[in-house]
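Descriptive analysis of the structure
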Amino acid sequence: MKHRASSRLFVFCMILTLSGSRVAAQEATEGSIVKIEAYSFPSFQEAVESTDIELYAQREDYEQAVGDPDYELLIVTYQSDGLPVRCYLYQSKGALDSQPESAQARPTVVFNRGSYVRGDIAAELVTLFHRLAQRGFAVLAPLYRGSDGAPGRDEMGGADLNDLLNVVPLAQSLASVDAGHLFLYGESRGGMMVLQALREAFPARAAAVFGTFSDLQALVEGDPESYLAMARGIWPDFADRREEIIRRRSAVQWAEKIEVPLMILHGGDDQSIPPNQALQLAEKLDSLGKSFELVIYAGDNHVLSRHRVQRDQRVAEWFHEHMAPR
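A word on the environment of Arg 113. Summarising the element assignment, Arg 113 is placed in the loop between strand S7 (106-112) and helix H3 (122-134). Residues Arg 113 and Gly 190, 77 residues apart in the sequence, show an inter-C-alpha distance of 4.9 Å. In this view, Arg 113 contacts Arg 118, Ile 121, Leu 125, Pro 142, Leu 143, Tyr 144, Ser 147, Asp 154, Glu 187, Arg 189 and Gly 190; residues no more than four positions away in its chain are not counted. At 3.0 Å, the side chain of Arg 113 and the backbone oxygen of Ser 115 are in polar contact. A polar side-chain atom of Arg 113 sits 2.8 Å from a polar atom in the side chain of Ser 147.

Encoded structure:
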């Protein structure tokens, strides 16, 4: 156990060693590219009106990220279960246009966004992407089926998990991505997706989650009025399949399957997912002798708005620690 305190935050850690588009002319297999499109960012004010950007970035940080000429954001549409799924690719400017022999493939963070069905949220995420890029990473961020106009139904951790798993063959096809150095990073619902992907042996070298839940049963029992209504909206057959749906999405029930180093971050004043969800997962991993680190930011919210820079710096350092020796 490590304890660190300052006037601004309390951190509790358990550390154990313990513009056009490009269309791909390739067979429509899992993870194969359908098309790649350039992306143009809205102004900060436009983003304020259409997204939750103010939880993620201040105007100055946003404008610095979108104005950095060294990087670009592309939208890659790829195949997953026969569906075209949209994914953000944040990389060095022009990296995909390089000849294969001269391409500078970067270790890559596969970022998993939070919430249910969403539209275009690049403006919310670009400052996080930019911080990771400045630390040497490319970023892939699948939006999942049913989001940003894509077909299919989001089951929040059901068949849509394949949209994350199919990022692996997608990564292997991109010259700008070092598919031998993939890392998983997830926010809220996206953290639950990360944990499930680890259960299914996603080839990540390390992973990190923040604001995520690990015990859906406890959430439902803690606030049945809110969570039962939500559950029935997402899973119409929840009453009949309750045990199956909860188990699949509750990492505390199968934490022994998490085999890679995991960083768990949470806000002490998270009003969406109680911090004890992070503590439960940490306790379970501890009992199993797994490698993990737990960080609670006292007084911060669900997405760690007050510590977003420190959050991403800490995660980037965690990933660098788990690079393969060169």
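Let us now look at helix H9 (residues 238-248). Regarding H9, the residues found buried are Phe 238, Ile 245 and Ile 246. For H9, the angular spread of the buried residues around the axis is 90°, confining them to a single face. Seen from the open side of H9, the exposed residues pointing more than 90 degrees away from its buried face are Asp 240 and Glu 243. Looking at the packing, one finds that the buried side of H9 touches helix H7 (216-222) and helix H8 (224-234).

Following the criterion strictly, the structure yields 18 salt bridges and no others. Between Glu 37 and Lys 35 there is a salt bridge, with the nearest N and O atoms lying 3.9 Å from each other. Looking at Lys 35, the relative accessible area reads 30%, which means it is partly exposed. Its salt-bridge partner being Glu 200, residue Arg 199 comes within 2.8 Å of it at the nearest N-O pair. A relative accessible area of 15% places Arg 199 in the buried class. Each of Lys 35, Glu 37, Arg 86 and Asp 148 takes part in salt bridges that share partners, so that together they form one network.

Grouped together as the largest cluster of nonpolar side chains are 60 residues, with contacts concentrated most on Leu 140, Leu 184, Phe 202 and Ile 264. Of the residues forming this core, the biggest block, 6 residues, is contributed by helix H6 (residues 189-199). Ignoring any residue separated from it by four or fewer positions in sequence, one finds Leu 184 in contact with Val 110, Asn 112, Leu 164, Val 194, Ala 197, Leu 198, Phe 202, Ala 204, Ala 206, Ala 207, Ala 208 and Phe 319. Among the nonpolar cores identified, the runner-up in size contains 44 residues, and Ile 53, Ala 65, Tyr 90 and Phe 129 belong to it.

Calculation rules
- All residue numbers refer to positions counted from 1 along the written sequence of the respective chain.
- At least 70 in pLDDT is required for a residue's local features to be given in this predicted model, at least 80 for side-chain atom pairs to be given and counted, and no such filter applies to totals for whole chains, interfaces and linings, which use all residues.
- Note: side-chain values were computed over all heavy atoms of the structure, leaving out hydrogens and water.
- Under the scheme used here, helices are H or I runs from DSSP no shorter than 4 residues and strands are E runs no shorter than 2 residues, and both carry numbers assigned from the N terminus.
- Whether two residues are in contact is decided by their heavy atoms, any of which lying within 4.5 Å being enough.
- Any N or O atom pair separated by 3.5 Å or less is treated as a polar contact, with the protein-specific requirement of one donor-capable and one acceptor-capable atom, and with residues adjacent in sequence counted only for side-chain atom pairs.
- Burial classes follow relative accessibility: with a 1.4 Å probe on protein chains only, a residue under 20% of its type's maximum area counts as buried, one over 50% as exposed, and anything between as partly exposed.
- The arc under discussion is defined with respect to the helix axis, by the directions toward the C-beta atoms.
- For salt bridges, the criterion is a side-chain nitrogen of Lys or Arg within 4 Å of an Asp or Glu carboxyl oxygen.
- Take the buried residues of types Ala, Val, Leu, Ile, Met, Phe, Trp, Tyr and Cys, join any two whose side-chain atoms come within 4.5 Å, and each joined set is a nonpolar core.

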